[in-house]
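Fold and geometry: a report
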Amino acid sequence: IAVEGASTSTLSVCIHTPGETCVVPADTTPPTFTAETTTLTTTTITFSEPVDDDDFDGVYWSVSNTLNSPIVDSVAPSGGQTGITSLVLTHSTRPNSDSVSDVTYTPGDLADQASPPNLLAAATVTATDGVAPIVSSAVFTGPSEITIVYDAPAFGSSADYRDNVV
């Protein structure tokens, strides 16, 4: 029995009789990433497989549609013994909770744990919206009615919310 890739997300086991050669296919697929806005100033990057890097630097990442610039101020990696599975990018504030941001990675040395490693390619992805709408104002408009204005759509596409109870 030969075990290959025990430290990566893919484990290959080859069972053969003595004298036979065990050939385990090489991992040639580079990692990819998705993005989700988690607050007005943070975006979480999730990798398709664990990655290794000794230097997680914001210089390789940018987040569009922020008030000051697309520059990433800091990067916080997370993961376990099998490698880094996600990053939290901290950046300047987005205009509102519904604004759409694109996250761009410029090639650095992020790679999976294959041997030889596969580098993460340059890419731009649109971050999914993970930020709840924020109340902009709340005004009493009658003895038993209040009008609440959010900075983004809060209940879908319909403008008639008579059945909603606050």
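All of these numbers come straight from a predicted model, not from anything done at the bench. Counting starts from 1 at the beginning of each chain's written sequence and moves along it residue by residue. Whole-chain, interface and lining totals are the exception, using all residues; otherwise, since this is a predicted model, local features are given only for residues with pLDDT of at least 70 and side-chain atom pairs are given and counted only at 80 or more. The basis for the side-chain values is all heavy atoms of the structure; hydrogens and waters are excluded.

What follows concerns the overall build of the chain. In terms of regular secondary structure, the chain is built from zero helices and 13 strands. Going along the chain from the N terminus, every DSSP run of H or I of four or more residues is numbered as a helix, and every run of E of two or more is numbered as a strand. When the helices and strands of the chain are listed from N to C terminus, the series reads β-β-β-β-β-β-β-β-β-β-β-β-β. Counting across all 166 residues of the chain, residues that qualify as buried make up 28%. We call two residues in contact when some of their heavy atoms are within 4.5 Å. Partitioning the contacts of the chain with sequence separation of at least 6, the portion at a separation of at least 24 is 56%. For every accessible area listed, the method is Shrake-Rupley and the probe measures 1.4 Å; residues are considered covered only by the protein chains on display. Within the structure as shown, the chain displays about 10,200 Å² of accessible surface, and the carbon and sulfur contribution to it stands at 55%. Only protein chains enter the accessibility calculation, which uses a 1.4 Å probe. A residue is then buried if its area is under 20% of the maximum for its type, exposed if over 50%, and partly exposed in between.

For the rest of this paragraph, the subject is the nonpolar core. By nonpolar core we mean a set of buried residues, namely Ala, Val, Leu, Ile, Met, Phe, Trp, Tyr and Cys, connected to one another through side-chain atoms within 4.5 Å. Ranked by size, the top nonpolar core spans 19 residues in total, and within it Phe33, Ile45, Phe47, Trp61, Leu87, Leu89 and Val103 carry the most contacts. Elements supplying a minimum of two residues to this core: β3 (33–37), β4 (42–52), β5 (61–63), β6 (72–80), β7 (83–91) and β8 (102–105).

What follows is about unusual backbone geometry. Omega for the peptide link from Ser115 to Pro116 comes to 0°, which places this bond in the cis form. Residue placement: Pro116 occurs in the loop between β9 (111–112) and β10 (123–126).

Here we come to the pairing of β6. Direction of pairing for β6 relative to β7: antiparallel, over a ladder of eight bridges. Along β7, the bridge assignment pairs Val72 with His91. The hairpin formed by β6 and β7 contains two residues between the paired strands. Being paired, for any two strands, means DSSP has found at least two bridges between them.

Here β8 shows a clear split, with Val103 and Tyr105 buried on one side and none of Asp102 and Thr104 buried on the other. In terms of strand pairing, β5 meets β8 through three bridges, oriented antiparallel. Bridging from a neighbouring strand, Val63 pairs with Val103 of β8. As judged from the four bridges shared by β8 and β10, these two strands associate in the antiparallel manner. Residue Thr104 lies in a different strand from β10, and its bridge partner there is Thr124.

Another aspect to go through is the confidence of the model for the chain. On a range of 0 to 100, pLDDT expresses the predictor's confidence in each residue. In this model, the chain carries a mean pLDDT of 81, and residues with pLDDT of at least 70 account for 83%. Between residues 158–165, whose pLDDT stays under 50, and residues either more than four places distant or in other chains, the model counts three contacts.

A few words on the environment of Thr66. With respect to the helices, strands and loops of the structure, Thr66 is situated in the loop between β5 and β6. Here Thr66 falls in the buried class, since its relative accessible area comes to 14%. Residues Thr66 and Asn96, spaced 30 residues apart in sequence, show a C-alpha to C-alpha distance of 9.4 Å. Excluding residues that lie within four positions of it along the chain, Thr66 makes contacts with His91, Ser92, Thr93 and Arg94.

Here we come to the environment of Ser115. In this fold, Ser115 is placed in the loop between β9 and β10. Its relative accessible area of 71% is what places Ser115 among the exposed residues.

Before going further, it helps to spend a moment on the sheet that holds β10. In spatial order, the strands read β5-β8-β10; together these three strands make up an open sheet with antiparallel pairing. The sheet is open, and its two borders are formed by β5 and β10, each paired with just one other strand. On average, adjacent strands in this sheet sit at an angle of 15° to one another, irrespective of strand direction. For helices, the fitted line uses only the C-alpha atoms of the stretch in contact; every axis is such a line through C-alpha atoms, and the angle between N-to-C directions lies from 0 to 180 degrees.

This next bit is on the packing of aromatic side chains. To pair, rings of Phe, Tyr and Trp, with the six-membered ring standing in for Trp, must have centres within 6.5 Å; the planes then decide the type, stacked if under 30 degrees apart, edge-to-face if over 60, and tilted in the middle. Scanning the model with the defined rule gives four aromatic pairs in all. Three or more aromatic residues link up through ring pairs in this structure, and these residues are Phe33, Phe47, Tyr60, Trp61 and Tyr105.

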